[in-house]
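Structural description and commentary
Now for the letters of each chain:
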Amino acid sequence: MSPTIASMTATGRNERAARSAGALVVGGAHGALALARSLGRRGIPVWYVTDDHPIARYSRYTERSFAWGGPDDKGAIEFLKNLAREHQLEGWVLIAAGDAELRVLSQHHAELSTIFRVTVPPWETVRWTHDKRLTYERAASLGIDYPRCYDPHDMQELAALDCRFPVVLKPTVREQRNAFTRAKAWRVDDRAALLQRYQEAAAMVGERAIVLQELIPGGGSSQFSYSAVWDRGAPVASLVARRSRQYPIDFGYTSTFVETIEQPDIEAAACRFLRSIGYSGLVEVEFKRDHRDGSYKLLDVNARAWTWNALGSIAGVDFAHVLWRLAMGDTVAPVRCHASVAWMHGSRDLLAAALEMIAGNLSFADYLRSWHKPLVFAAFAKDDLMPGFIDLPLAAARVLGRYLPDLPRQPHGTDGSRLRESH
């Protein structure tokens, strides 16, 4: 069983140090921004470390931010340890907001726990969530539905594969940054496309890092999530939500409008999975409803902060604050969301809604009704304006960057000894 969140602390810290502890958020984008806002509004110091999306560092609630060589850099752990030594961060709460960051923090859990209050579980727990092959293996043992998967061992077997098109190619993990992992999934509609796309994906991540599975029909409105903070194999704060809109609309890589719902079947399946691995920490478990048989099929388990975790802040289950309190050793009474509230990524949702209306899947009146619920936004906040102002141009710049030749990255902190603060 995973250790409790409260036990993931540096030893020998006195009560005064504990009361002054802040949070160090590593990686992520809008999910990291939500963490910073939740904790910062309560006067908890928040520092941010990233080598990728910078939006969280523009928040007024991010007191300091640092660039580093990234979670795959050989000096990544030394960087974090040096940061703690140079700035007296012993006893601070350490939170992962990205997949690669989750992996490196969990794999070095014991080492980092001598300095920080580490909120991600150790690798022996995280591995069941991080690799889709292991996730589906555990789901099968628990009787939880998941998409039908195929496992060809070479191109000859792939060419002769008995499957019904369309199918989907997914990376088993999403740590590398390339066209395949950024898309999260590729749809293929015939055998010729399958052979071509499989070769392209294999060149990027390797053949054993690809999952080939059936395509479950339906768009974002068929996708659901159980989101929670767990401690010692039991939920402390939780909600169930529906991804009502996404972009792209047919095969979205990002949510644009998410709303809370009640769905006991999803909650029960997610809890069965998490309880089986003795989970502690932040988690999002994704499902998709298969309209062909009415089943909810497990897609992913994200053992770190997810993009729309800010939804909890207006639903009575503020995930970041619950996680921080547990890490500090507080006793937190279990709570579930009962409010009908929503999260929106405004600029992207406007585009997604327009495309849904053109496709005949959404009326203008229904889109307007989206604004009638209590809303929290991905970037905009009245008390924290800068991220909202820069979100659209920043997103545009990143999209353009995908289609332009790669530019040399500025090195920073790659030897684990230099700490470069972002401004």
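Our structure's up above, just so we're on the same page.
An account of the accompanying structure is given in this report.

Scoring rules and cut-offs
Residues numbered from 1 in each chain as written. Predicted model: local features only at pLDDT ≥ 70, side-chain atom pairs only at ≥ 80, totals over all residues. Heavy atoms only, no water. Buried < 20%, exposed > 50% of the residue type's maximum accessible area, 1.4 Å probe, protein only. Helix = DSSP H or I, 4+ residues; strand = E, 2+ residues; numbered from the N terminus. Pairing = 2+ DSSP bridges. Axes fitted to C-alpha atoms, helices over the stretch in contact; angles between N-to-C directions. Parallel < 35°, antiparallel > 145°, perpendicular 65-115°, else oblique. Left-handed = near helix turned anticlockwise from the far one by under 90°. Contact = heavy atoms within 4.5 Å. Core = buried A, V, L, I, M, F, W, Y, C linked by side-chain atoms within 4.5 Å.

Concerning the pairing of strand β4 (residues 93-96)
On a regular strand, each side chain points to the face opposite its neighbour's, so the side chains alternate between the two faces of the sheet. Here β4 shows a buried face lined by Val93 and Ile95 and a second buried face lined by Leu94 and Ala96. Pairing geometry for strand β1 (residues 23-26) and β4, over 4 bridges, is parallel. The residue bridging valine 25 from the neighbouring strand is isoleucine 95, located in β4. When β4 meets strand β5 (residues 117-118), the two strands line up parallel, connected through 2 bridges.

Overview of the packing of helix α2 (residues 30-40) against helix α12 (residues 319-327)
Helices that pack against each other are described as a pair by the angle of their axes relative to one another and the distance between those axes. At their nearest, the axes of α2 and α12 sit 8 Å apart, and the two run at 65° to each other. Of the possible angle classes, the one that applies to α2 and α12 is roughly perpendicular. In terms of crossing hand, the pair formed by α2 and α12 is right-handed. Contacts from Leu35, Ser38 and Leu39 in α2 reach Ala320, His321 and Trp324 in α12.

Thoughts on the sheet that holds strand β7 (residues 167-171)
In spatial order, the strands read β6-β9-β7-β8; together these 4 strands make up an open sheet with antiparallel pairing. Strands with a single pairing partner mark the edges of an open sheet, and in this sheet they are β6 (149-150) and β8 (186-188). Pairing geometry for β7 and β8, over 3 bridges, is antiparallel. For valine 167, the partnering residue across the bridge sits in β8 and is valine 188. Of the strands in this sheet, β6, β7 and β9 (210-214) are in contact with helix α7 (residues 132-142), which crosses β9 at around 45°.

Quick word on the nonpolar core
Of all hydrophobic cores here, the largest spans 100 residues; its most connected members are Phe116 and Tyr226. The greatest single-element share of this core, amounting to 7 residues, is contributed by α12.

Details of the packing of helix α4 (residues 99-107) against helix α6 (residues 123-130)
Following both chains from N to C, one finds α4 and α6 inclined at 155°, their axes separated by 9 Å at the closest point. Classed by the angle they form, the pair α4 and α6 counts as roughly antiparallel. Between α4 and α6 lies a crossing whose hand is left-handed. Contact residues: α4 offers Asp99, Leu102, Arg103, Ser106 and Gln107, while α6 offers Trp123, Val126 and His130.

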